[in-house]
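Chain and residue survey
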Amino acid sequence: MSKRITAPDVLAAKGKRKLTMLTAYDYPSAVWVDESGMDMILVGDSLAMVVLGQEDTLSVGMEEMLHHTRAVARGAKRALIIGDMPFLSYQCGVEQAVLNAGRFLKEGRAQAVKLEGGKRVVPQVEAIVAAGIPVQGHIGLTPQSSAQLGGFKVQGKTAGAAKALIEDAQALAEAGCFSIVLEAIPSPVAARITETVPVPTIGIGAGPDCDGQVLVIHDVLGLYDRFLPRFVKQYARLGKPIREALTLYREEVEQGRFPGPEHTFAMAEEEKTKVAKMKGKKKGP
Ligand code: KIV
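The structure contained in this document is the topic of the report that follows. What you see is a predicted model; the values in this text were computed from it and never measured.

A look at the nonpolar core
Within the largest apolar cluster, 78 residues are counted, with the highest numbers of intra-cluster contacts made by M40, I128, L182 and I193. Other than its neighbours up to four places away in sequence, I128 contacts M85, A97, V98, A101, V113, L115, I133 and V135.

A look at the layout of surface pockets
A probe as big as a water molecule, rolled over the atoms, marks out the empty space that is left. The volume enclosed by the largest pocket comes to roughly 1200 Å³. Contributions of two or more residues to the lining of the largest pocket are made by β1 (19–23), α3 (47–50), β6 (179–183), β8 (212–215) and α10 (217–220). Broken down by element, the residue count for the lining of the largest pocket peaks at five residues, all from β1. Grouping the amino acids of the lining of the largest pocket by side-chain chemistry returns 27 nonpolar, nine polar and twelve charged. Looking at the second largest pocket, its volume works out to about 240 Å³. Lining the second largest pocket are 17 residues, with G140, T142, L149, L165 and D168 positioned closest to its centre. Residue assignment for the lining of the second largest pocket shows that the elements contributing at least two residues are β5 (135–140), α7 (146–149) and α8 (159–175).

Focus on the site of the ligand
What surrounds the ligand is the set T23, L42, G44, D45, S46, D84, K114, H138, I204 and V216. In this structure, D45 approaches the ligand through a side-chain N or O atom, which is 3.0 Å from an oxygen atom. One nitrogen or oxygen atom from the side chain of D84 is found 3.1 Å from an oxygen atom belonging to the ligand. Burial of the ligand by the surrounding chains reaches 94%, relative to a free accessible area of 260 Å². According to the grid-proximity analysis, the pocket containing the ligand is the largest pocket.

Regarding the state of the cysteines
Applying the stated criterion across every chain yields a total of zero disulfides. Of all cysteine sulfurs, the one in C210 lies closest to C177, which takes part in no disulfide; the gap is 15 Å.

Examining the sheet that holds strand β3 (residues 80–84)
Here we have eight strands rolled up into a closed barrel, ordered β1-β2-β3-β4-β5-β6-β7-β8, and parallel in their pairing. Neighbour-to-neighbour, the strand axes of this sheet turn through a mean angle of 25°, independent of strand direction. Sheet topology note: the β3/strand β4 (residues 112–114) ladder contains three bridges and is parallel. The residue bridging G83 from the neighbouring strand is V113, located in β4. Against the sheet, helix α5 (residues 94–106) makes contact with β3 and β4, and its axis sits at roughly 135° relative to β4, the strand it touches most. Set on the sheet, helix α9 (residues 187–196) makes contact with β5, β6 and β7 (201–204); between it and β6 the angle comes to about 170°.

Observations regarding the packing of α8 against α9
Axis separation between α8 and α9 bottoms out at 10 Å; the angle between their running directions is 30°. If you check the angle between α8 and α9, you find them roughly parallel. Like other packed secondary-structure pairs, α8 and α9 cross with a definite hand, here right-handed. Of α9, the residues touching α8 (which contributes A162, L165, I166, A169 and Q170) are V189, R192, I193 and T196. Residues of the contact of α8 with α9, tallied by class, amount to six nonpolar, two polar and one charged.

Focus on the pattern of salt bridges
Considering all chains together, one arrives at 15 salt bridges under this definition. The salt bridge partner of R17 is D39, with a shortest N-O separation of 3.1 Å. Here the residue R17 occupies a position in the loop between α1 (7–12) and β1, and D39 occupies one in the loop between α2 (27–35) and β2 (40–43), the gap between them amounting to 22 residues. Here R17 falls in the partly exposed class, since its relative accessible area comes to 42%. A salt bridge links K114 to D84, with the shortest nitrogen-to-oxygen separation between them at 3.0 Å. With a gap of 30 residues between them, K114 in strand β4 and D84 in strand β3 connect regions that are remote in the sequence. For the pair K114 and D84, a shared accessibility class is recorded, and that class is buried. Among the charged side chains, a salt-bridge network with shared partners connects E63, R103 and E107.

Cut-offs used in this document
Residue positions are given per chain, counting from 1 as you read along its sequence in written order. It should be noted that, the model being predicted, local features are given only for residues of pLDDT at least 70 and side-chain atom pairs only at 80 or more, the latter also being counted only at that level, while totals for whole chains, interfaces and linings use all residues. As a rule here, side-chain values come from all non-hydrogen atoms in the structure, and water together with hydrogens is ignored. We define a nonpolar core as any set of buried Ala, Val, Leu, Ile, Met, Phe, Trp, Tyr and Cys residues linked to one another through side-chain atoms lying within 4.5 Å. Each residue's exposure class comes from its accessible area (1.4 Å probe, protein chains only) as a fraction of the maximum for that residue type: buried when under 20%, exposed when over 50%, partly exposed otherwise. In this description, contact between two residues means that some pair of their heavy atoms is separated by no more than 4.5 Å. Grid points spaced at 1 Å over the protein atoms alone were grouped into cavities, where a 1.4 Å probe fits but cannot get out, and pockets, open sets with protein on both sides within 12 Å along at least five of seven lines, with lining residues defined by an atom within 4 Å of a point. Grid points are joined across faces, edges and corners, and a volume is the space filled by probe spheres set on the points. Here a helix means four or more residues in a row that DSSP labels H or I, a strand means two or more in a row labelled E, and each is numbered from the N terminus. Polar here means any residue outside two lists: the nonpolar Ala, Val, Leu, Ile, Met, Phe, Trp, Tyr, Cys and Pro, and the charged Asp, Glu, Lys and Arg; Gly therefore counts as polar. Here, proximity means that at least one heavy atom of the residue falls within 4 Å of the molecule or strand. Within 3.5 Å is the distance limit for a polar contact, defined as a pair of N or O atoms, with the added protein rule that one can donate a hydrogen and the other accept it, and that residues adjacent in sequence qualify only through two side-chain atoms. What sets the accessible areas is the Shrake-Rupley method with a 1.4 Å probe; for residues, cover comes only from the shown protein chains. Cavities and pockets are treated as containing a molecule whenever more than half of the molecule's atoms lie within 2 Å of their grid points. The definition used for a disulfide is geometric: two cysteine sulfur atoms within 2.5 Å. Pairing between strands is defined by DSSP: at least two bridges between the two strands are required. What counts as an axis is a line fitted to C-alpha atoms, over the stretch in contact for a helix, and the angles between N-to-C directions run from 0 to 180 degrees. The scheme is simple: roughly parallel for angles under 35 degrees, roughly antiparallel for over 145, roughly perpendicular for 65 to 115, oblique for anything else. In this scheme, a crossing is called left-handed if the near helix is turned counterclockwise away from the far one by less than a right angle; it is called right-handed if the turn is clockwise. Between Lys or Arg on one side and Asp or Glu on the other, a salt bridge is scored when a side-chain nitrogen of the former is within 4 Å of a carboxyl oxygen of the latter.

Put into structure tokens, the structure is as follows:
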């Protein structure tokens, strides 16, 4: 088994090689992502939408996030596991942020946490880092603030907005983040942030010049068909073969073609005869 990737390894990769990150939410997906050689696994709060079928990421809580992080931790032995801090698990203050970040390591067995926001979450980032917990930042389209942003919209489209994002990224790097996710921002802005900050940028809808890329596993595998953002590339469309397999199973059961002899446990002839002669007691009146 190769050695676990650490937050300092991710930091040290800046300018040397591209970093890879994908979400996972359970044991089998964690095994697949880990075996594919990914650097980081994010147990994203996108869980709310792609696994729990919710409209947005706002309703998912600490207990659900920890439950799924534990499952991922059982499956991933090499990738750095990052727990995504859910809405209202860090916004209410520094103490709340440290305690909940700590739970991701202590109970979820993650090795780092991610939280959304720029300058306004600097006190939380500093306090979590001071507690010895690696933090990944997340700026641009931050889904937990979608009500404030007016929806799931591309951010940083004007020079003024781009300047604010660059300042946010600098503030997060100074506060101690080991990397920063840049979501849904024009590529020239992401490129500028990437050359400005000393920590790796991990893009999602932020163009090719980031230090690494992240996507949601259900999007990559074609398992979520409610909505497909422009920045997603589907590397497989598994929804169709899954539906076909399930339909075939149902048909074979209905038609008596499953289970076949190869799926059935046999019995010695002598015992079989005894069973056939047994008289069962009738139930009911
Ligand atoms: O929750 C999530 O999956 C994320 C990624 C899209 C970065 O935050």
